[in-house]
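Structural features, examined
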Amino acid sequence: MRVVSVVNYKGGVGKTTLTANIGAEIARRGKRVLLVDLDPQASLTLSFYRPEQWRQTLQPSQTIKHWFESWRPRGKLRDPLELVATPARANFWIPGSGRLDIIASDLTLSEVEEDLVVAAHGAAGGRSGRDFLRVFGRLRDALSLIPAGEYDFVVIDCPPSFGMLTRSAVLASDFLVIPAKPDELSTVAIEHFVDRFAYFGSVYDGAAVRLRSADPQDRVSAVILGVVFTMVRFQGKAPILAEQIYIDRHHAGVPAFRGVVRENHSFYADAASESVPLVLSDRAPRLNVEEMRSLVTEIIGRIGDPHGD
Ligand SMILES: Nc1ncnc2c1ncn2[C@@H]1O[C@H](COP(=O)(O)OP(=O)(O)OP(=O)(O)O)[C@@H](O)[C@H]1O
Ligand SMILES: [Mg+2]
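Below or above, wherever it landed, is the structure these notes cover. All of these numbers come straight from a predicted model, not from anything done at the bench. Residue indices follow the written sequence of each chain, beginning from 1 at its first position. Labels follow written order: the first chain is A, the first ligand is 1, and so on. Totals for whole chains, interfaces and linings use all residues, but because this is a predicted model, local features are given only for residues with pLDDT of at least 70 and pairs of side-chain atoms are given and counted only at 80 or more.

**Considering the packing of helix 6 (residues 109–121) against helix 7 (residues 129–136)**
Each pair of packed helices gets described by two things: the angle between the helix axes and the distance between those axes. Whenever a helix is involved, its axis is fitted only over the stretch in contact; in every case the axis is a line through C-alpha atoms, and angles between N-to-C directions fall within 0 to 180 degrees. Segments assigned H or I by DSSP are reported as helices when at least four residues long, segments assigned E as strands when at least two residues long, and all are numbered from the N terminus. Across the interface, helix 6 lies against helix 7 with an axial gap of 7 Å and an inter-helix angle of 150 degrees. Overall, the two elements helix 6 and helix 7 adopt an arrangement that is roughly antiparallel. Contacts from Leu116, Ala119 and Ala120 of helix 6 reach helix 7 at Asp131, Phe132, Val135 and Phe136. Its residues assigned to classes, the contact of helix 6 with helix 7 comprises 6 nonpolar, no polar and 1 charged. What sets the label is the angle itself: under 35 degrees gives roughly parallel, over 145 gives roughly antiparallel, 65 to 115 gives roughly perpendicular, and the rest give oblique. Here, residues touch in the contact sense if the C-beta positions derived from the backbone fall within 7 Å of one another. Side-chain classes follow a simple rule in which Ala, Val, Leu, Ile, Met, Phe, Trp, Tyr, Cys and Pro form the nonpolar group, Asp, Glu, Lys and Arg form the charged group, and the remainder, Gly included, forms the polar group.

Printed below as a string of structure tokens:
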């Protein structure tokens, strides 16, 4: 099982859209994929479920919040598979043995994040280093309870920040993908992310070494696969020059994917209300579908064979 997180500090750069399409495309190719919506905004969840469906069927007992909340003293940990839902409309378009599941989010996940900060650092700073390691590892532990062979890929949609939730996702991940718009602020955000990621790795791994943890999971081992440029404006067959300049820049040593996601306001706005990602939609423009599919091929190419563990 490969775990990929889609991350960027910057809001509105296409993280959720990319997460939904990477997951859907891999499932369309016959793999079993679990999406995890780690953003309190719940945009990923709402790109598969109508708000009333989410409120009635998932929010009461089937969201990622319920996993984090089951970490109570003397509480019983939830089985992560009990939290999994299978969005019917999207799966209707997935042929054969492929499957696309999701662990939904909840608007109050931001309160969970506050609890995680307290649990990791201690309200009065009195917690042990082991608590620090364990709290960051809660999402990783959830994924490690999933039986081997249940999923080929897990794709996690992160909130636009580098708080506890995103850091838990980073720790649980084998790979990271960074979507960015080809503009000044988004490309600065890439460098900032790479910097904070390295710092988190040094703090976390440093704590693990000090505590003599021999557990190989107690290390930040995620590899940044690359930057995906999103919402790119084209003139003819190529991005407009003003955006190509940002695509060609050096991004803190992170390679950009050759494939980009071009801007298409009318389609992406409709796709959310259809509950079917672009790559599964029979109404999506072929050009955009082909572009997204070849980007996913490139991402999988950088990941390598999912059965190679
Ligand atoms: N290629 C695209 N062209 C036009 N609009 C797009 C494209 N990709 C995404 N969008 C739209 O842009 C908005 C932001 O996209 P998305 O929600 O995927 O970004 P995000 O990075 O997850 O945002 P947030 O940081 O708030 O979680 C959405 O309304 C989405 O429909
Ligand atoms: Mg999002």
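Read on for the rest.
**Comments concerning the sheet that holds strand 4 (residues 153–157)**
Spatially, 3-2-4-1-5-6 is the arrangement adopted by the 6 strands of the open sheet, whose pairing is parallel. What marks the edges here is a single partner per strand, and that holds for strand 3 (99–103) and strand 6 (223–229). For this sheet, the mean inter-axis angle between neighbouring strands, taken without regard to orientation, is 20 degrees. Pairing of strand 2 (residues 32–37) with strand 3 involves 5 bridges; the strand directions are parallel. Bridge pairing in strand 3 places arginine 32 opposite arginine 99. Pairing between strands is defined by DSSP: at least two bridges between them are needed.

**Quick word on the site of ligand 1**
Near ligand 1 lie 20 residues; those nearest to it are Gly11, Lys15, Thr16, Thr17 and Pro160. Counting residues per element, the ones that place at least two in the shell around ligand 1 are helix 1 (15–28) and helix 12 (265–274). No other element matches the 4 residues that helix 12 contributes to the shell around ligand 1. For the shell around ligand 1, the residue count by class is 7 nonpolar, 10 polar and 3 charged. For each residue, a C-beta atom is placed from the backbone, and the residue is labelled near a molecule or strand when this atom is within 6 Å of it.

**Structural notes on the packing of helix 7 against helix 10 (residues 184–210)**
Across the interface, helix 7 lies against helix 10 with an axial gap of 10 Å and an inter-helix angle of 130 degrees. Taken together, the axes of helix 7 and helix 10 are oblique relative to one another. Crossing handedness for the pair helix 7 and helix 10: left-handed. Residues Gly129, Phe132, Leu133 and Phe136 of helix 7 form the contact with helix 10, whose participating residues are Tyr204, Ala207, Ala208 and Arg210. Of the residues belonging to the contact of helix 7 with helix 10, the class tally is 6 nonpolar, 1 polar and 1 charged. Two helices that cross are described as forming a left-handed crossing if the nearer one is turned anticlockwise from the farther one by less than a right angle, and a right-handed crossing if clockwise.

**A look at helix 13 (residues 286–303)**
Taking 1.5 Å per residue as the helical rise, helix 13 with its 18 residues ought to reach 26 Å, and the 26 Å between its terminal C-alpha atoms agrees with that figure. Regarding helix 13, the residues found buried are Asn288, Met292, Leu295, Val296, Ile299 and Ile300. When helix 13 is viewed along its axis, its buried side chains cluster within an angular range of 140 degrees and face the same direction. Residues Arg286, Leu287, Thr297 and Gly301 are exposed on helix 13 and point more than 90 degrees away from its buried face. Phi for glycine 304, located one or two positions after helix 13, is positive at around 95 degrees. What a helix should span is 1.5 Å times the count of its residues minus one. Neighbour density around each residue's C-beta defines its exposure: 20 or more other C-beta atoms within 10 Å make it buried, 12 or fewer make it exposed, and counts between make it partly exposed, where C-beta atoms are placed from the backbone. It is the directions from the helix axis to the C-beta atoms that the arc portrays.

**Notes on unusual backbone geometry**
Notably, arginine 212 is not glycine yet its phi reads approximately 55 degrees, a positive angle. Among the structural elements, arginine 212 can be located in the loop between helix 10 and strand 6. The backbone phi angle of methionine 231 is positive, close to 55 degrees, even though this residue is not glycine. Residue position: methionine 231 is located in the loop between strand 6 and strand 7 (234–235).

**Concerning the nonpolar core**
A set of buried residues drawn from Ala, Val, Leu, Ile, Met, Phe, Trp, Tyr and Cys, joined through C-beta atoms within 7 Å, is what defines a nonpolar core. Val33, Val155, Ile156, Leu176, Val177 and Ile178 are the most contacted members of the largest nonpolar core, which totals 85 residues. Residue contacts for valine 155: discarding those within four places in its chain leaves Val4, Val6, Thr19, Ile22, Gly23, Val33 and Leu35.

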